[in-house]
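# Structure at a glance
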Amino acid sequence: MNLDAKVPSGPLEEKWSKHLNDIKLVAPNNKRKHDVIVVGTGLAGGSAAASLAELGYNVKSFCIQDSARRAHSIAAQGGINAAKNYPNDGDTVWRLFYDTIKGGDYRSRESNTYRLAQNSNEIIDQAVAQGVPFAREYGGLLANRSFGGAQVSRTFYARGQTGQQLLLGAYQAMMRQVNEGKIEMHTRHEMLDLVIIDGKARGIITRDLVSGEIQRWMADAVVLASGGYGNVFYLSTNAKNSNVTAAWRCHKRGAAFANPCYVQIHPTCIPVSGDYQSKLTLMSESLRNDGRVWVPKEKGDDRHPNDIPEDERYYYLEEKYPAFGNLVPRDVASRNAKIVCDEGMGVGPTGRAVYLDFGDAIEREGKKAISEKYGNLFEMYENITDDNPYEEPMRIFPAVHYTMGGLWVDYNLQSNIPGLFVAGEANFSDHGANRLGASALMQGLSDGYFIIPYTVGNYIADADLGEVTKDHNAFDDAAQNAQDQIDKLFAVDGDKSVVEFHRELGQIMWDKVGISRSEEGLKEAIEQIRELREEFWNNVRVPGESSNYNKYLEFAGRVADFLELGELMAKDALDRDESCGCHLREEHQSEEGEALRNDEEYSYVAAWEFENVNGELNETLHKEDLEFEFVELKQRSYK
Amino acid sequence: MSDTFTVHLKIWRQAGPDQPGKLVDYTLDKVNEHMSFLEMLDVLNEEIVAEGKEEPIEFDYDCREGICGSCNLMINGQAHGPKAMTCSCQLHMRNFSDGDTIVIEPFRAKAFPVIKDLVVDRSAFDRIVEAGGYVSVKTGSAPDANSIPIDKEVADTAFDYATCIGCGACVAACPNSSASLFTGAKLAHLNRLPQGEPERKKRTVAMVKQMEEEGFGDCSNFAECEAVCPKGISISAIAEMRRNYMKAALAGTEA
Ligand SMILES: Cc1cc2nc3c(=O)[nH]c(=O)nc-3n(C[C@H](O)[C@H](O)[C@H](O)COP(=O)(O)OP(=O)(O)OC[C@H]3O[C@@H](n4cnc5c(N)ncnc54)[C@H](O)[C@@H]3O)c2cc1C
Ligand code: SF4
Ligand code: FES
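Residue numbering note: each chain is counted from 1, following its sequence as written. For naming, the first written chain is A and the first written ligand is 1, with later ones following in the order written. Two thresholds apply to this predicted model, a pLDDT of at least 70 for residue-level local features and 80 or more for giving and counting side-chain atom pairs, whereas whole-chain, interface and lining totals are computed over all residues. Hydrogens and waters are ignored; side-chain quantities use all the structure's heavy atoms.

## Concerning the overall build of chain B
Scanning chain B from terminus to terminus reveals 8 helices and 7 strands. When the backbone C-alpha atoms are referred to their principal axes, chain B occupies close to 60 × 40 × 35 Å. Out of the 255 residues belonging to chain B, those deemed buried represent 59%. Working rule for contacts: check all heavy atoms of both residues, and any pair within 4.5 Å makes them a contact. Within chain B, contacts between residues at least 6 apart in sequence are counted, and of these 69% link residues at least 24 apart. All accessibility values rest on the Shrake-Rupley procedure with a 1.4 Å probe; residue burial counts only the protein chains present in the view. In the form shown here, chain B has an accessible surface area of approximately 9900 Å², with 49% of it arising from carbon and sulfur atoms. The distance from the centre of the 26 positive side-chain charges to the centre of the 38 negative ones in chain B is 6 Å. In this description a helix means any DSSP run of H or I spanning at least four residues, a strand means any run of E spanning at least two, and both kinds are numbered starting from the N terminus. Burial classification: accessible surface area is computed with a 1.4 Å probe over protein chains only, and a residue below 20% of its type maximum counts as buried, one above 50% as exposed, and the rest as partly exposed. For the purpose of charge, His is not counted, nor are the chain termini; Lys and Arg are scored as positive and Asp and Glu as negative. Lysine's charge is taken at NZ, arginine's at CZ, aspartate's at CG and glutamate's at CD.

If you want it as structure tokens, here you go:
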């Protein structure tokens, strides 16, 4: 497998501009002769589709929701980073880059991460020009705040709804191109397979989710921006329809899947309340700017939190990490919440929660100031839990939130299959083993607005793209493959529901491939997932038929893929015998419980190649060695 | 954990767009006050699947956090149910009591045809935005973000209107099935910003025209839309839309 990252030579600061100079251009009158498929209309897909269409390509855009505006990116609350240094607190592109590399525990590619920081400023300009209503100061200039893991205020935000506003910006840019006839929009369409002809990605197979029809789409390049796979855990903060299917089916066609075990657990979510629960709700991490995290010092202390005096509270983050306090990165905050709960100090009915307390902040700044900053989050919390966070501390617990792993891509965001580009959360790049807050939105938009439009052009200008038609046997094969899977799902006709399988898989994943992992647990997980998968194919019940709207059928296909991906995640976690970022191997931690990296042996991207050997999943590991030319590898410390 | 209770449900079942629909009775006795309304339907669906006699109930959802605008249920005749400023997905069963009968129907409007059961087609909203609900700016050509200061108040008001999630409750609640609150909200967001100013007239005329073409009714100030809007979009957006439309029409602006 060829894992050439194609990183341009030269100083870090100049790599991208040099690359842009070298990139081949497609003449304007030729662009309209080329079709590009973009799967996904989140921040990455939406911005890519709009920008490619503006350039003149014919874009075919797909999403599973009923409107592009509903992609999961809409739910992001906290904000988006950029190195504008508007607050004059010393921020620079280098610092944003450095924080991102360090935050990711030195498991991302320097060149990509630097480019992300470089593009960040332009993203804000672009969004503001589109009319995205970011928060402003009284002087009329943009406001900033600080966010988990950063010591400067570099986060731009639109109240608690930054993702929504940025997505509407990209969606509106898309709709403008739909109006111009440059984007052909296909909502309620699910990509089920990738079509490869002469070694190049040339099309996709979709199912029309309303009519059930299996359809063929052809193009000169495919951009996959289908989001992350956090829903493998069943309970997560992801939207219910987020899934791995598009990426997984590409993987099964030969695209390498990189670092699948890197899963971010978000520290500030509303805890689980019961087994009917369908998802978890995230409370923006910005809450940690003012909220103080604590548990009662005494195990099993079930007094009302307001009755527990100051000296009987354990402010564990402030005590253990004086420099960052409550603002330590997510992996550190999540892990420590688990530790105190494991030690029996957890609060609430399940004992799986810690307090996030605004008492001091309200005393210091007044209720009005706090409500201006976090009002809608407080309301959301109260609506879900029926408790009032102005009067008593919130209860929070970590939940699965984001996946750093994804399809492997080179510097051009091209997978190892020529013509298949991958953007946003669907690719593995930029965040290493841990993503800092407010950086996913930045990456999605950087990929979509400022990288994909150039690199796809470069590919098209250079590729030897022969004529193909939808009758090509690669199309027949892929369409048949999609149909076969659907038929197979109905044929099982068992008596256990798709949801039950999903929930069981999620439990295995959370227990053994979650916040912390061990060799023993991972081996057990692999066995259990295999058994569950076998049971699925013998006993799942898919109601209804395939010829019309059928949500259970959609979910069955996605759970089938999660059952395969789950095994690979455990395998990757087992193979990575070190702790890094969000990936804590219990065998590798310091006496104080901090993650111990092993740069000598594991400073690489794990890229897995799929092979189907008589129905058994066979995954082969390939390594892209990470080289650090410009930063010195240091142990992370937030003390 | 709290005790469970029982609700009686009357749910709209419709096999497809051209099929007749009807309300079907269900009883669910595993309801818990912390469940969201959609989780309650999930539990019912699991029972239906387990019995295997009929197909599960189809309804739209995605984020389940009140932000994507996917969910759209008429609950006891109210769009998104009884709780103000709340989407169906964020409505919790603690708002109901043991023994309640709850009627669940799709958002009805000529411009929102039923796809199946409670799922409707709201693509008319996309076409209204497509007609002009954007600022025409090319990627990469934007000036520095701080080069145009905007009054905090203007920015905040623009934001308030921009929070519309496109759910369609306003249409479902309106006796005329008007889409004026949705359209007005987008216009009130973009038209008041300096970025949106140059296209203000053209945008207003184009979006209003499209709204009419989609088969939405006129607004006759019932204000039902504002009452059900989960994001609290103010009806003043509609007045603003009218003023802008009149000005543009007088100036002879065409879409
Ligand atoms: C609750 C929450 C809060 C967050 N807050 C922040 C934050 O404050 N700051 C930050 O930087 N990040 C945040 N994140 C992370 C960030 O929102 C996501 O990583 C990012 O939005 C992903 O964007 P995307 O474009 O890659 O994918 P998505 O937005 O997930 O879009 C995926 C798209 O792919 C489509 N799709 C998927 N599968 C298929 C298929 N098979 N066929 C066709 N289409 C398909 C979907 O329809 C959708 O359009 C948050 C995440 C969550 C869950
Ligand atoms: S105006 Fe309110 S009710 Fe209407 S679509 Fe927007 S959010 Fe929904
Ligand atoms: S499911 Fe997203 S708003 Fe209700």
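Text resumes after the structure shown.
## A few points about the overall build of chain A
When its secondary structure is counted, chain A shows 17 helices and 23 strands. Over its C-alpha atoms, taken along the principal directions, chain A stretches across nearly 75 × 60 × 50 Å. Summing over all exposed atoms, chain A offers an accessible surface of approximately 21100 Å²; the carbon and sulfur share of this is 43%. Of the side-chain charges in chain A, 69 are positive and 99 negative, and the distance between the mean point of each set is 4 Å.

## A closer look at the sheet that holds strand 9 (residues 221-224) of chain A
All names here are of chain A. When DSSP finds two or more bridges between two strands, those strands count as paired. As summarised here, the arrangement of the 5 strands in space is 5-2-1-9-17, forming an open sheet in which the pairing is parallel. Edge positions in the open sheet fall to strand 5 (183-186) and strand 17 (420-422), since each of these has one partner strand only. Going across the sheet, the axis of each strand differs from the next one's by a mean of 20°, ignoring polarity. Where strand 9 and strand 17 come together, 3 bridges link them in parallel fashion. Pairing of V223 across the sheet is with F421, part of strand 17. Sheet strands in contact with helix 3 (residues 43-55) are strand 1 (35-39), strand 2 (58-62), strand 5 and strand 9, and its direction is about 165° off that of strand 1. Where helices are involved, their axes are fitted lines through C-alpha atoms of the stretch in contact, as for all axes, and angles between N-to-C directions lie from 0 to 180°.

## Observations regarding the site of ligand 1
Residue and element names in this part refer to chain A. We call a residue near a molecule or strand whenever a single non-hydrogen atom of that residue lies within 4 Å of it. Within the structure, ligand 1 sits among 38 residues, and Q65, S73, G78, M191 and E425 are positioned closest to it. Each polar contact in these results corresponds to two N or O atoms within 3.5 Å; when the atoms are within protein, one needs to be able to donate a hydrogen and the other to accept it, and residues that are neighboring in sequence are counted only if both atoms are side-chain atoms. Here L43 contributes a backbone N or O atom positioned 3.1 Å from an oxygen atom of ligand 1. One of the backbone nitrogen or oxygen atoms of A225 is found 3.4 Å away from an oxygen atom of ligand 1. A total of 1000 Å² of accessible area belongs to ligand 1 in isolation, and the protein chains cover 98% of it. Of the residues forming the shell around ligand 1, the biggest block, 3 residues, is contributed by strand 6 (residues 189-197). In this classification, Asp, Glu, Lys and Arg are treated as charged, Ala, Val, Leu, Ile, Met, Phe, Trp, Tyr, Cys and Pro as nonpolar, and every other residue, Gly included, as polar. Of the residues belonging to the shell around ligand 1, the class tally is 17 nonpolar, 18 polar and 3 charged.

## Things to note about the packing of aromatic side chains
What characterises a pair of aromatic rings is the spacing of the ring centres plus the angle enclosed by the ring planes. Residue and element names in this part refer to chain A. Here a Phe, Tyr or Trp ring, Trp counted by its six-membered ring, pairs with any other such ring whose centre lies within 6.5 Å, and the pair is stacked when the planes are under 30 degrees apart, edge-to-face when over 60, and tilted otherwise. In this structure the tally under the stated criterion is 30 aromatic pairs over all chains. For the ring pair F358 and Y374, a centre distance of 5.6 Å and an interplane angle of 55° mean the geometry is tilted. Highlighted residues: F358 in the loop between strand 14 (354-357) and helix 10 (359-365) and Y374 in helix 11 (residues 367-385), separated in sequence by 16 residues. Among the residues examined, F358 registers a relative accessible area of 1% and is labelled buried. Where F421 meets Y459, the ring centres are 5.7 Å apart and the plane angle is 75°; that geometry is what we call edge-to-face. With F421 in strand 17 and Y459 in helix 12 (residues 440-462), this pair connects stretches of sequence that are 38 residues apart. Residue class for F421 comes out buried when judged on its relative accessible area of 1%.

## What about the interface of chain B and chain A?
At the interface, 77 residues of chain B touch 76 residues of chain A. By definition here, a salt bridge exists when the distance from a side-chain nitrogen of Lys or Arg to a carboxyl oxygen of Asp or Glu is within 4 Å. Our count for the chain B to chain A interface comes out at 6 salt bridges. Between D66 of chain A and R122 of chain B there is a salt bridge; the shortest N-O distance is 3.4 Å. Joining chain B to chain A, the criterion identifies 50 residue pairs in polar contact (both at pLDDT 80 or more). Among the secondary structure elements, those contributing two or more residues to the side of chain B that touches chain A are helix 1 (37-51), strand 6 (114-116), strand 7 (119-120), helix 2 (123-130), helix 3 (152-162) and helix 5 (180-191) of chain B.

## Let's talk about the pairing of strand 15 (residues 394-403) of chain A
All names here are of chain A. In terms of burial, strand 15 is largely enclosed, as 10 of its 10 residues are buried. Pairing between strand 11 (residues 263-269) and strand 15: 5 bridges, direction antiparallel. Bridged to H266 within strand 15 is A399. Across 3 bridges, the pairing between strand 14 and strand 15 is antiparallel. Each residue of the ladder has a partner; that of V354, found in strand 15, is I396.

## Some points on the site of ligand 2
Around ligand 2 sit 13 residues in total, of which C164, C167, G168, C170 and C229 of chain B are the nearest. For the shell around ligand 2, the residue count by class is 11 nonpolar, 2 polar and no charged.

## Remarks on helix 2 of chain B
With respect to burial, helix 2 of chain B is a largely interior element, 7 of its 8 residues being buried. By the burial criterion, the buried members of helix 2 of chain B are S123, A124, F125, D126, I128, V129 and E130 of chain B.

## Section: the pattern of salt bridges
All names here are of chain A. One pass over the structure, following the stated rule, counts 72 salt bridges over all chains. Residue D561 pairs with R249 through a salt bridge whose shortest N-O separation is 3.0 Å. Taken together, the residues D561 in helix 16 (residues 551-575) and R249 in helix 7 (residues 245-252) connect sequence positions 312 residues apart. For D387, the salt bridge is made with R395, and the minimal N-O distance between the two is 3.1 Å. Linked through salt bridges whose partners overlap, the residues forming this network are D105, R107, R576, E578, R597 and D599.

## Thoughts on the packing of helix 6 (residues 162-179) of chain A against helix 12 of chain A
All names here are of chain A. In contact at an axis separation of 11 Å, helix 6 and helix 12 are set at 10° when each is read in the N-to-C sense. When the axis of helix 6 is compared with that of helix 12, the two are roughly parallel. Where helix 6 abuts helix 12, its residues T162, G163, L166, G169 and A170 lie against L441, L445 and Y449. Looking at the contact of helix 6 with helix 12 residue by residue, the class counts come to 5 nonpolar, 3 polar and no charged. The scheme is simple: roughly parallel for angles under 35 degrees, roughly antiparallel for over 145, roughly perpendicular for 65 to 115, oblique for anything else.

## Looking at the pairing of strand 6 of chain A
Residue and element names in this part refer to chain A. Counting buried positions along strand 6 gives 8 out of 9 residues, so the element sits mostly inside the fold. Two elements, strand 6 and strand 7 (residues 200-208), share 8 bridges in a ladder whose sense is antiparallel. In the sheet register, I196 faces strand 7, and the bridge partner there is A201. Between strand 6 and the antiparallel strand that follows it, strand 7, lie 2 residues; D198 among them carries a positive phi value of about 50°.

## Description of the packing of helix 5 of chain B against helix 8 (residues 236-250) of chain B
All names here are of chain B. Direction vectors running N to C along helix 5 and helix 8 enclose 70°, while the axes themselves pass 8 Å from each other. Relative to helix 8, the element helix 5 lies roughly perpendicular. Facing helix 5, whose interface residues are S180, L181, T183, G184, A185, L187, A188 and N191, helix 8 presents A237, I238, E240, M241 and N244. Its residues assigned to classes, the contact of helix 5 with helix 8 comprises 7 nonpolar, 5 polar and 1 charged.

## Some words on the confidence of the model for chain B
Across the chain, each position has a pLDDT score giving the predictor's confidence in that residue, from 0 to 100. For chain B, the average pLDDT comes to 96, and 99% of its residues sit at 70 or higher. Prediction confidence for the complex, expressed as pTM and ipTM, is 0.97 and 0.98 respectively.

## Comments concerning the environment of A44 of chain A
All names here are of chain A. Within the secondary structure, A44 sits in helix 3. The exposure class assigned to A44 is buried, which follows from its relative accessible area of 8%. Along the backbone, A44 and N614 are 570 residues apart, and their C-alpha atoms lie at a distance of 36 Å. Ignoring sequence-local partners within four residues, the contact set of A44 consists of A225, A423, G424, G444 and G448.

## As for helix 14 (residues 498-512) of chain A
Helices are assigned an expected span. That span is 1.5 Å times one less than the residue count. Helix length check: helix 14 of chain A, at 15 residues, gives a terminal C-alpha distance of 21 Å against a target of 21 Å (1.5 Å per residue), a fit within 8%. Considering only its buried residues, helix 14 of chain A is in contact with strand 18 (496-497), strand 19 (516-517), helix 15 (519-539), strand 20 (540-541) and helix 16 of chain A.

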